[in-house]
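In case you want the letters, here they are:
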Amino acid sequence: MIAPAQGGLRVTAVDALAAGEGIVPGLPIADARALLPYLAVREADPCADAEALARLAQWCGRYSPLVALDGADGLLLDVTGCAHLFGGEDILLADLTRRLTGFGLTLRTALADTPAAGWAWAHAGPGGVLPEGVARQALAPLPVAALRLPDGMAAALARLGLRRIGDLLDLPRAPLTARFGDAVARRLDLVLGRAAEPIAPLHPPAPFRRQLAFAEPIGTRGDIDRALEHLLDGLLVDLDQAGQGLRRCDLSVFTVDGGVQRIGIGTARPSRERRHVLRLFAERLEEIDLGFGIEAMILEAPVAEILPAQQARLEGRSATGEADLARLVDRLQQRLGRQAVVRLEPVDSHIPERAVTLVPALAPPSHRPWMAEQPRPLRLLPSPELIEVTAMVPDDPPLTFRWRTVLHRVAQTEGPERLSPEWWRDRPGTRLRDYYWVEDQEGRRYWLYREGAYGEPRAPRWYMHGLF
Amino acid sequence: MPTSAINLSALRRRLQVLETGGGAATRSSVPLGDPMLDFFLPWRGLARGGVHQLEGVPGDASVQAFATGLTSRCAGADGRALWLRLRRDRQETGEPYGPGLARYGLPPDRLMLVEARAPSDLLWAVEEGLRGGALSVALAEGVSPDVTASRRLQLAAEASGVTALLVSSGPVRARSVALTRWRVTAAPSARGVHRPRWQVELLHCRGGKPGSWIMEWDDAALGFAVVPALASRALAQAV
């Protein structure tokens, strides 16, 4: 792999064969070619690498909910409390290594008490599981670079003859800190677990989570349905015990070829209803590409809210009606989108298009009245349409108007109702509007307005705004 | 013969039940506010739990206004209404406007608006609304179901008792299993711009007769009122 760098193209990454020939990252491409004329060179693509790493991180979600990216080429998993699900730390790590190797990846893995010790053991040590409490002895022979010190500090330490971690461990801390700042002491603390190193997971762990790994990959819709039901039953038990209902629920599906697909559903009210959730999932399950089979599934409820245990049939019809409505809203939102199911709510504004706002369909009502005192149209055009108007005298209501190429002869009018701009919200220069209620000779009723007044530098314009 | 006469009358009754789509007696209905109009319809009002189609003309919101009135009557004092429409019709027919809906007695917290991108999604959403027992009425604009789809809607509405109003701004196809089909256009209002009137034609009514009226909306009683002179003529023609 090569990439443009200072002084031309340089090698950024090598495989084992090239490394054997003495080619190391940082070498100019000309030197590398001199060492190995038939060297195969590809341009590095850091973006694609990052994407691939993110996909891999998602895949690792099957081992632990806490997965973090570590640099440009590493992943950090917090498997605390997860190892027993796989039969122990050794088995977990072996399983992870075997599967990733199966994908054709070259990797180094290690499992240790702290993230820093794990990093050191994977990068500079032999890898594998570092048993609890032996980090100090095990890491002592490793080079100080394994501490992930800032640039140049390892070399500075080396000049003093401090080449191994063990050399540092025995030193008194005060002079070390005085000489190198607190970086070295801090890294040592992290490795030995004397200071905690928080990890920033890609996805915050869901409070409710169930997972299922299959001995044999499953590949039919029926199997997926059964697995989902099984997972959901477990999740609902957890939610029930916690007195919570799910608002969102995500299903992650791990295919044999290393792909992770995630589908999610949402509910308008907290829910613990098995049938309802399954129905919401049923449509989305079509989207899953089964590939060569599915080997694991995880069901999570990232968002849950308090839902007291149901009091069966005591509250009567209204409660069940509300529940029916919430289910209907969920179904509609699932297919049409969250923004597609709403209701209207009054706003304190006399500008017609601002007098109403859209709120979620099940938002509690405010019971505020509508601002308008005069009659308002049944339908409002989202953007008023320019119309051509004739009138006897400029300030008069229209005699005829042309809207959408049709000429309307006016039979009756009422108005105007003058609406001034809201100076605290409108841009300067916004013109006032004179609204007219107009009925044409066929009885069609419209709400027109004249923007601006005669005598201003800009001629007024007429718009169609609403229909009755 | 007496026995055959009895059979014949029984058959007639059965036929009438079939024709009126479940029968005037078995199907509950919602009165529209005007006794003459309600008497004219075979269900003594607008039948609940069925599909009703309404058509209008482009550039005239009369059919939407009439449908809003029907929605309000169907929803009653505490029922919920679902109003479905296509996203692409937003500018063409305008958006339902809250302050204007108020005069028809539809408070904003009992009216849910649904917007679909594709006609197929809209049909699905209407059917979904008809299936549950959560609603009183579902009003869908811009949907013109074929016979199969309208039968599905009719069956869903019958099972749940939810009333479906399908509104279109243009003529709808005549072949449909809807219980009624109406055409609504504007009529000149005699009592000022703020008292809209509509020319309402009942084109088709299962188990009933077609009719035509000039109607108004009564803001106080939240009901329809037939403008008298023409109403009597329509009834005279029909009877």
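Bear in mind that the values here come from a model prediction, so they are computed numbers and not experimental data. (Residues numbered from 1 in each chain as written. Chains lettered and ligands numbered in written order. Predicted model: local features only at pLDDT ≥ 70, side-chain atom pairs only at ≥ 80, totals over all residues.)

Colleague: I would appreciate a short explanation of the interface of chain A and chain B in the present structure.
Modeller: Often the size quoted for an interface is simply the accessible area lost on bringing the parts together. Contacts between chain A and chain B engage 46 residues on the former and 43 residues on the latter. When contributions to the side of chain A that touches chain B are tallied by element, the ones reaching two or more residues are helix H14 (317-336), strand S11 (341-346), strand S13 (379-390), strand S15 (406-419), strand S16 (433-440) and strand S18 (461-467) of chain A. A per-element tally of the side of chain A that touches chain B places H14 of chain A first, with 9 residues. By residue class, the composition of the side of chain A that touches chain B is 26 nonpolar, 6 polar and 14 charged. As paired elements, S13 of chain A and strand S5 (residues 95-96) of chain B share 2 bridges and run antiparallel to each other. Following the sheet pairing, Leu380 of chain A is matched in S5 of chain B by Glu95 of chain B. (Contact = placed C-beta atoms within 7 Å. Helix = DSSP H or I, 4+ residues; strand = E, 2+ residues; numbered from the N terminus. Nonpolar A, V, L, I, M, F, W, Y, C, P; charged D, E, K, R; others polar. Pairing = 2+ DSSP bridges.)

Colleague: Even after reading the chapter, I still don't get the confidence of the model for chain B, so can you show me in this structure?
Modeller: Parts of the prediction with low pLDDT should not have their coordinates interpreted in detail. Residue and element names in this part refer to chain B. Averaged over all residues, the pLDDT of chain B equals 85, while 87% of them reach at least 70. For the stretch residues 231-239, pLDDT sits under 50, and the model shows 11 contacts to residues farther than four places along the chain or on other chains. Scored as a complex, the prediction yields pTM 0.72 and ipTM 0.86. (pLDDT = per-residue confidence, 0-100.)

Colleague: It is not clear to me how the pairing of strand S12 (residues 223-226) of chain B should be interpreted in this structure. Could you clarify?
Modeller: Successive side chains on a regular strand alternate, one facing one side of the sheet and the next facing the other. Alternating positions in S12 of chain B separate cleanly, Phe224 and Val226 of chain B being buried on one face and Gly223 and Ala225 of chain B remaining unburied on the opposite face. Where strand S11 (residues 211-218) of chain B folds back onto S12 of chain B in an antiparallel hairpin, the turn is made up of 4 residues, including Leu222 of chain B, whose phi is positive at roughly 50°. (Buried ≥ 20, exposed ≤ 12 C-beta atoms within 10 Å, placed from the backbone.)

Colleague: I keep staring at the pairing of S18 of chain A and nothing clicks. Help me out?
Modeller: Residues and elements named next belong to chain A. In terms of burial, S18 is largely enclosed, as 5 of its 7 residues are buried. Summarising the sheet, S13 and S18 pair through 5 bridges and their orientation is antiparallel. Note on S18: the bridge partner recorded for Arg379 is Leu467. Taken together, the 6 bridges between strand S17 (residues 445-451) and S18 define a ladder with antiparallel strand orientation. In the strand pairing of S18, Glu451 is matched with Arg461.

Colleague: Explain the nonpolar core to me, please; I cannot follow it from the model alone.
Modeller: Ranked by internal contacts, the top residues of the largest apolar core, which has 100 residues, are Leu84, Val114, Val126, Ala138, Leu139 and Ala164 of chain B. In terms of residue count, helix H3 (residues 62-75) of chain B provides more of this core than any other element does, 7 residues in total. Not counting chain neighbours up to four residues away, the residues in contact with Leu139 of chain B comprise Ala67, Thr71, Ala81, Trp83, Leu84, Leu165 and Val167 of chain B. In terms of nonpolar packing, the next biggest core, distinct from the first, is built from 60 residues, Trp59, Trp119, Leu139 and Ala146 of chain A among them. (Core = buried A, V, L, I, M, F, W, Y, C linked by C-beta atoms within 7 Å.)

Colleague: Sorry, what's going on with helix H5 (residues 89-102) of chain A here?
Modeller: Since the α-helix advances by 3.6 residues per turn, residues separated by three or four positions end up pointing in the same direction. All names here are of chain A. Here H5 contains 14 residues, and its C-alpha end-to-end distance of 20 Å stays within 8% of the 20 Å for a straight helix at 1.5 Å per residue. Those residues of H5 that fall on the buried side of the exposure criterion are Leu92, Leu93 and Leu96. What you see down the axis of H5 is that its buried residues fit within an arc of 95°, all on one side. Facing away from the buried surface of H5 by more than 90 degrees, the exposed residues are Arg98, Thr101 and Gly102. Buried positions along H5 lie against helix H4 (83-86), strand S5 (110-111) and strand S6 (128-129). (Expected span 1.5 Å × (residues − 1). Arc of directions from axis to C-beta.)

Colleague: I keep staring at the packing of helix H10 (residues 173-180) of chain A against helix H11 (residues 183-192) of chain A and nothing clicks. Help me out?
Modeller: In a packed pair of helices, the relevant descriptors are the angle between the two axes and the axis-to-axis distance. Residue and element names in this part refer to chain A. Contact geometry of H10 with H11 gives a least axis separation of 7 Å together with a crossing angle of 125°. Between H10 and H11, the angle falls in the class oblique. Judged by residue contacts, Arg173, Leu176, Thr177 and Phe180 of H10 engage Ala183, Val184 and Ala185 from H11. Residues that form the contact of H10 with H11 fall into these classes: 5 nonpolar, 1 polar and 1 charged. (Axes fitted to C-alpha atoms, helices over the stretch in contact; angles between N-to-C directions. Parallel < 35°, antiparallel > 145°, perpendicular 65-115°, else oblique.)

Colleague: What should I look at first to understand the domain arrangement of chain A in this one?
Modeller: According to the domain assignment, chain A contains domain 1 (2-44), domain 2 (65-192), domain 3 (208-321) and domain 4 (379-467). Computed over C-alpha atoms only, the centres of domain 3 of chain A and domain 4 of chain A are separated by 54 Å. (Domains from an automatic or database assignment.)

Colleague: What exactly am I supposed to notice about the sheet that holds strand S9 (residues 260-271) of chain A here?
Modeller: All names here are of chain A. Strand order in this open sheet of 4 strands is S7-S10-S8-S9, and the pairing throughout is antiparallel. The outermost strands of the open sheet, each flanked by one partner alone, are strand S7 (208-218) and S9. Neighbour-to-neighbour, the strand axes of the sheet open up by a mean angle of 15°, direction not taken into account. Pairing between strand S8 (residues 244-255) and strand S10 (residues 294-306): 10 bridges, direction antiparallel.

Colleague: Can you walk me through H3 of chain B in this structure?
Modeller: Residue and element names in this part refer to chain B. Taking 1.5 Å per residue, 14 residues should reach 20 Å; H3 reaches 20 Å between its end C-alpha atoms and fits that length. Counting buried residues in H3 gives 14 out of 14 residues, a clear majority hidden from the surface. Following H3 by one or two positions, Gly76 adopts a phi angle in the positive range, close to 65°.

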